[in-house]
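Coordinates in review
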Amino acid sequence: MTRIKKAAVIGAGVMGAAIAGHLANAGIRTVLLDIVPKELTEKEKAKGLTLEDRVVRNRIAQTGKDRLFKEKPSPLFHKKVADLIETGNLEDDLHKLGEVDWVIEAIVENLNIKQSLFADVEKVWKPGIIVSSNTSGISIREMVAGRSEEFRSHFLGTHFFNPPRYMKLLEIIPTEATDPTLVSEMKAFAESVLGKGVVMAKDTPNFIANRIGVYGLQVTFQKMLEEGLGPDEVDTVTGRAMGRPKSATFRTLDLVGLDTFVHVSDNVRESVTDAEEKKAFEVPELLKEMVNKGWLGAKSGQGFFKRVKTEKGKEILVLDPQTKEYRPRKKLKAPSLEMSKRAKTVKEQLRALVYADDPAGRLAWYISKKVLLYSAARIPEIADDIVSVDRAMRWGFNWDLGPFEFWDAIGVEKSVARMKEEGETIPPLVEELLASGAKSFYEKSAEEDRVFYPGGKFTRVEEHPKVINLAKLKEQGKLIKGNKGASLIDIGDDVALLEFHSPKNAIATDIIQMINTAVKEVSDNYRGLVIGNQGSTFCVGANLMLILMEAQDQNWPELDLMVRQFQKTMGSLRYMDKPVVAAPFNMALGGGVEVSLPCDRIQASSELYMGLVETGVGLIPGGGGNKELLLRWMDGVDPKDRVALQPLVNHVFETIAMAKVSTSAMEARDYKFLRREDGITMNGDHLLYDAKQQVLALDAAGYRPPQPKKIPVVGETGYNTLRLGAYGMLQSGYISEHDYKIATKLAYVLAGGTVPEGTWVDEQYLLDIEREAFLSLAGEPKSQQRMMHMLTKNKPLRN
Ligand code: NAI
């Protein structure tokens, strides 16, 4: 268990406020401090405030906190977590730093200012309080030069990436003076409580990710100028084609801010001694000019790209490096780009690109070559092992593969031979690897992954003990049963896991079959079941194509059977005699919600976008989702209290009719997709482990399945109330005729039909009317148009 219960963040700028927000997401009470303003704003003057008033003195920190509500995507899991953040200022509230467990500094990137701040912090500091800096690259040990030995033993770097809620990487940088137990404590806290992927870095300029990332951006920039290309053309190559984010090079720079980039680049240039390396971090004239003109990127409205209004509507223009004027964008076209797009594996994709003799291939080769050589040459300077470098680039820059994984993918021997031909110096690490006879940096087997260490030996890649790796378990023969859409896997301790692996994990007949198999198998031979997977998203719903095809063919008996089976299968999950825990993460939509709701528990990833979104495709939930959500809202309500029922039904109606989707697991609680007893895991890599623990705990506590329920419904009166509400929205033009039709069907289902108010109905009755409504909507031409639109355009149609 962590002892960090209370924290303080100093500096309420871009990073400080967002770090405070994320600490609050994790349930940590946080004091957010900044400097006292020197001047009053016009508004403050008008209110008659003075520089002595507390609201003025706290204004900078408060403004930082207020920004958290406005930023998109939201830094907060839920508005209410902001209550955990208390704002203040460094003069009146300095003593509060002595009352917390961890102080993190995120003020301006300036050594002298940071040094003098830590001198102040030490005055109120008490042994035991961890103090850290979020600096992007200033030396950690220099920041606390002059501080006592004891203070320095509690001091380290904790470098978050922007935005801290969403970026997985946290670099932890201890110094020689840092107490190793505090380092382990911080690592465990960051991983489990803050959900971060921690990489241990050394106290070298810009640490790991920014050192290599910025080098790569510089190399790309300089090559663009040399080749006379445009940022748009380069971005065609350096984005998805190379396994990097879509924002590629120049859109990334615009997002980071060109001034920040210059700052970070300068920091390395000033700190390193090697002449060639210094040159690599030299900021090109063009960039300096852009910064001088205030063309800083997204935050100033223009950078390498600029949004303009034209006759055609909004258009994005790009800066031509030669003319220094903005022009329409164009793409670099090359056969290698097409080939890499069609590749089936990452390996094929990268090889098709980097070894191609066309403009895209040559550019990709040059950039990759430089980054790979640079990364290898930085070991052991910036990190002792290559795993840390690979993870830092994946988690901090969203690359699909870290440099050494990339190198393995394109083939070490083949690429090194070409590098030598081109006169490059090969770093000792790589020479050592090849001399040992090994062909790649990683050696993967079913049992374990091993990685090459400087010095010539392969060592096991350490994973967090809470990581369950489904692919590895399958390689180890732990597959119990499986088909094209899903697999049942033994995850140890007599717990089985049902993994979906269809495209986007959409549910079709094969998955339904596999759920039924799982129910039987687990009932006979296991202690319980986890439903989860390690794809990019939990489940986007039922296979819409299948529904649309049957509906277009007017194959009603077939569609009826399909829906019946879905409902029945969800029922068997709910009533099976062993505990079932769903582990949704990222997107859990439609059918993805419907498989989660009947489970005994949900163990959710904190990043959870969950919603019954069927109305967007002209339908309503058909797999028991209406009934399950209704049951959740009714839970614990006195059924005799008729007045209490209607507002609850209204909530369910609103949630489904408006296809509300949570933006976090915490928000999913508001919609009652999650209940109080359901768990939330901050670190997505630990999700399946935590879900398994829930199964074991339920089993150990003497699990008994729930009994089918009878439910009092609002009936005809309630139906009319809901319909009237929807009619009002139709009248005011807020919804379309077809929305209204869907809403009335939904109202009918949620009201329990037109029975008298207060009638007790059973679950099967609710499922039957749900299925009827679903089928009748599937037959509507406008609903079919919605389905088609979603399938072809991947967004909802409003008709
Ligand atoms: P910022 O400029 O947005 O915020 C800095 C804050 O420091 C301001 O609120 C300012 O009022 C306060 N401040 C200024 N002088 C101060 C003083 N003498 N004492 C106390 N507070 C003072 O800066 P940002 O971007 O939030 O950066 C903060 C730190 O985080 C820097 O060390 C930066 O290198 C690092 N960082 C920044 C990242 C980014 O993407 N912006 C990413 C990772 C780290």
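Quick caveat: nothing in here was measured; it's all calculated off a predicted structure.

A word on the domain arrangement of the chain. Domain boundaries in the chain define domain 1 (6–200), domain 2 (209–460), domain 3 (465–613 + 662–699) and domain 4 (616–660 + 707–799). Taken over C-alpha atoms, the centre of domain 1 sits 39 Å from the centre of domain 3. On the side of domain 3, 12 residues touch domain 1, which itself brings 15 residues to the contact. With both sides pooled, the region where domain 1 packs onto domain 3 buries about 1000 Å², and carbon together with sulfur makes up 50% of that total. Of all residues in domain 1, Phe77, His78 and Arg165 give up the largest surface area on contact with domain 3, accounting jointly for 47% of the area buried on that side. Along the contact surface separating domain 1 from domain 3 lie 2 salt bridges. Notably, a salt bridge pairs Lys168 with Asp685, separated by 2.6 Å at the nearest N-O pair. Counting across the interface, domain 1 meets domain 3 through 7 residue pairs in polar contact (both at pLDDT 80 or more). Taken together, the elements giving at least two residues each to the side of domain 1 that touches domain 3 come down to helix H1 (14–25) and helix H8 (180–192). Class assignment for the residues of the side of domain 1 that touches domain 3 results in 6 nonpolar, 5 polar and 4 charged.

Moving on, we get to the state of the cysteines. Two cysteines joined by a covalent bond between their sulfur atoms form a disulfide. Within the structure shown, the criterion is met by 0 disulfides. Here Cys539 is not cross-linked by a disulfide; its sulfur's nearest cysteine counterpart is in Cys599, at 12 Å. On the basis of relative accessibility, which here comes to 3%, the residue Cys599 falls in the buried class.

The next point concerns the packing of aromatic side chains. Within a pair of aromatic rings, the relevant descriptors are the distance that separates the centres and the angle that separates the planes. Considering all chains together, one arrives at 21 aromatic pairs under this definition. Between Phe538 and Phe585 the ring centres are 6.4 Å apart and the planes differ by 75°, which places this aromatic pair in the edge-to-face class. A residue pair is termed long-range when its members are at least 10 positions apart, and Phe538 in the loop between strand E18 (528–531) and helix H24 (544–552) and Phe585 in the loop between strand E19 (580–582) and strand E20 (586–589) qualify at 47 residues. Of the two residues, Phe538 and Phe585, both sit in the buried class. With a centroid separation of 5.8 Å and an interplanar angle of 65°, the aromatic rings of Tyr727 and Tyr740 are classed as edge-to-face.

Conventions used here
Residues numbered from 1 in each chain as written. Predicted model: local features only at pLDDT ≥ 70, side-chain atom pairs only at ≥ 80, totals over all residues. Heavy atoms only, no water. Domains from an automatic or database assignment. Contact = heavy atoms within 4.5 Å. Buried area = accessible area lost by both parts, 1.4 Å probe. Salt bridge = Lys/Arg side-chain N within 4 Å of Asp/Glu carboxyl O. Polar contact = N/O pair within 3.5 Å; in protein donor to acceptor, adjacent residues only side chain to side chain. Helix = DSSP H or I, 4+ residues; strand = E, 2+ residues; numbered from the N terminus. Nonpolar A, V, L, I, M, F, W, Y, C, P; charged D, E, K, R; others polar. Disulfide = S-S within 2.5 Å. Buried < 20%, exposed > 50% of the residue type's maximum accessible area, 1.4 Å probe, protein only. Phe/Tyr/Trp six-rings, centres within 6.5 Å; stacked < 30°, edge-to-face > 60°.

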